[in-house]
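Chain residues, written in single-letter form:
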Amino acid sequence: MEPVGLVAIRDVGLLSSQPYLVLANSASREFLHQGLPMSERSTSLAYIYLAATMTFWAGNAVVGRLFRDDLPPITLAFIRWSMAFLVIMIIIRPPILRDWPVLRQNWKVLLVVGTFGIGIFNTLQYMALQHTTAINVGLIQVMMPISILVLDIIFFGVRARPIQFVGMALAT
């Protein structure tokens, strides 16, 4: 079995010129470069997973607002991510086991990204939901693609391409 390694998405021309690292092996690099044919079943599953992701993401703010008086934000974030962890482990256990050496090797990066990108973000979101509506939180989340692009331009001097503006408009 070929080891999985880090590859810069920049190399495949999907994002800006800044290197964004992802875990990949040669098969996934081939997919990123050329695009592998997808069966009808995998296409349907992709749409189902995307719809589920949007539903869970939107429902997160509603549930956070619902439990604002019953659970502290940290407890709510812990419960949410514990349940998500169990579901994710059922769905993606084989790839995790296959790629475990690389995951273990990069545990520090994954810990930082998980802590700030998941744990702290959701805790702050639940704290905000104690003082505002789920709609307001949703509106702030809609601004994230714009904020990320603007900060990328300001701090990294990245020149935004037209396709990035299209993606930002679609995400907003």
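Residues numbered from 1 in each chain as written. Predicted model: local features only at pLDDT ≥ 70, side-chain atom pairs only at ≥ 80, totals over all residues. Heavy atoms only, no water.

> I'd like a rundown of the pattern of salt bridges, residues and numbers included.
Under the counting rule described, the total for this entry stands at 2 salt bridges. A salt bridge links aspartate 69 to arginine 68; the shortest N-O distance between them is 3.9 Å. On the basis of relative accessibility, which here comes to 65%, the residue aspartate 69 falls in the exposed class. The residue arginine 98 makes a salt bridge to aspartate 99 at a minimum N-O spacing of 3.2 Å. Look at arginine 98 and you get partly exposed, because its relative accessible area is 40%. Aspartate 99 sits in the buried class, given a relative accessible area of 14%. (Salt bridge = Lys/Arg side-chain N within 4 Å of Asp/Glu carboxyl O. Buried < 20%, exposed > 50% of the residue type's maximum accessible area, 1.4 Å probe, protein only.)

> I'd love a proper account of the confidence of the model for the protein chain, names of residues and values included.
On average, residues of the protein chain carry a pLDDT of 78, and 77% of them reach 70 or more. Across the protein chain, helix α4 (residues 100-105) holds the top mean pLDDT of 92, while strand β1 (residues 5-8) sits lowest at 40. Confidence over residues 1-36 falls short of pLDDT 50; this stretch has 58 contacts with residues more than four positions distant or in other chains. (pLDDT = per-residue confidence, 0-100. Helix = DSSP H or I, 4+ residues; strand = E, 2+ residues; numbered from the N terminus. Contact = heavy atoms within 4.5 Å.)

> I'd like a rundown of the side chain of threonine 123, residues and numbers included.
By the secondary structure assignment, threonine 123 is in helix α5 (residues 107-129). Filtering out sequence-adjacent residues up to four positions away, threonine 123 remains in contact with Pro73, Ile74 and Ala77.

> Hey, could you go over the environment of alanine 160 for me, with residue numbers and the actual values?
Residue position: alanine 160 is located in the loop between α7 (144-156) and α8 (162-171). In the structure, alanine 160 is positioned 11 residues away from leucine 149 in sequence and 7.5 Å away in space, judged by C-alpha atoms. With residues up to four places along the chain from it excluded, the contact list for alanine 160 reads Leu149, Ile153 and Phe165.

> Tell me about the packing of aromatic side chains, and please be specific about residues and values.
Per the stated rule, a full pass over the model turns up 1 aromatic pair. Look at tryptophan 57 and phenylalanine 121: their rings are 6.0 Å apart centre to centre, the planes differ by 10°, and that puts the pair in the stacked class. Taken together, the residues span a long stretch of sequence, with tryptophan 57 in helix α2 (residues 40-66) and phenylalanine 121 in helix α5 at a distance of 64 residues. (Phe/Tyr/Trp six-rings, centres within 6.5 Å; stacked < 30°, edge-to-face > 60°.)

> Requested: an account of a nonpolar patch on the surface, with residues and values cited.
A contiguous nonpolar patch, built from Ile48, Tyr49, Val87, Ile88, Ile90, Ile91 and Ile92 and spanning about 670 Å² of accessible area, is present on the exposed surface. Those elements that place two or more of their residues in the nonpolar patch are α2 and α3 (73-98). When residues of the nonpolar patch are assigned to their parent elements, the largest contribution, 5 residues, is made by α3. Judged by its relative accessible area of 70%, isoleucine 90 is exposed. (Patch = residues over 30% accessible without salt bridge, like charges linked within 9 Å, V, L, I, M, F, W, Y side chains within 5 Å. Areas by Shrake-Rupley, 256 points an atom, 1.4 Å probe, with all protein chains shown as cover.)

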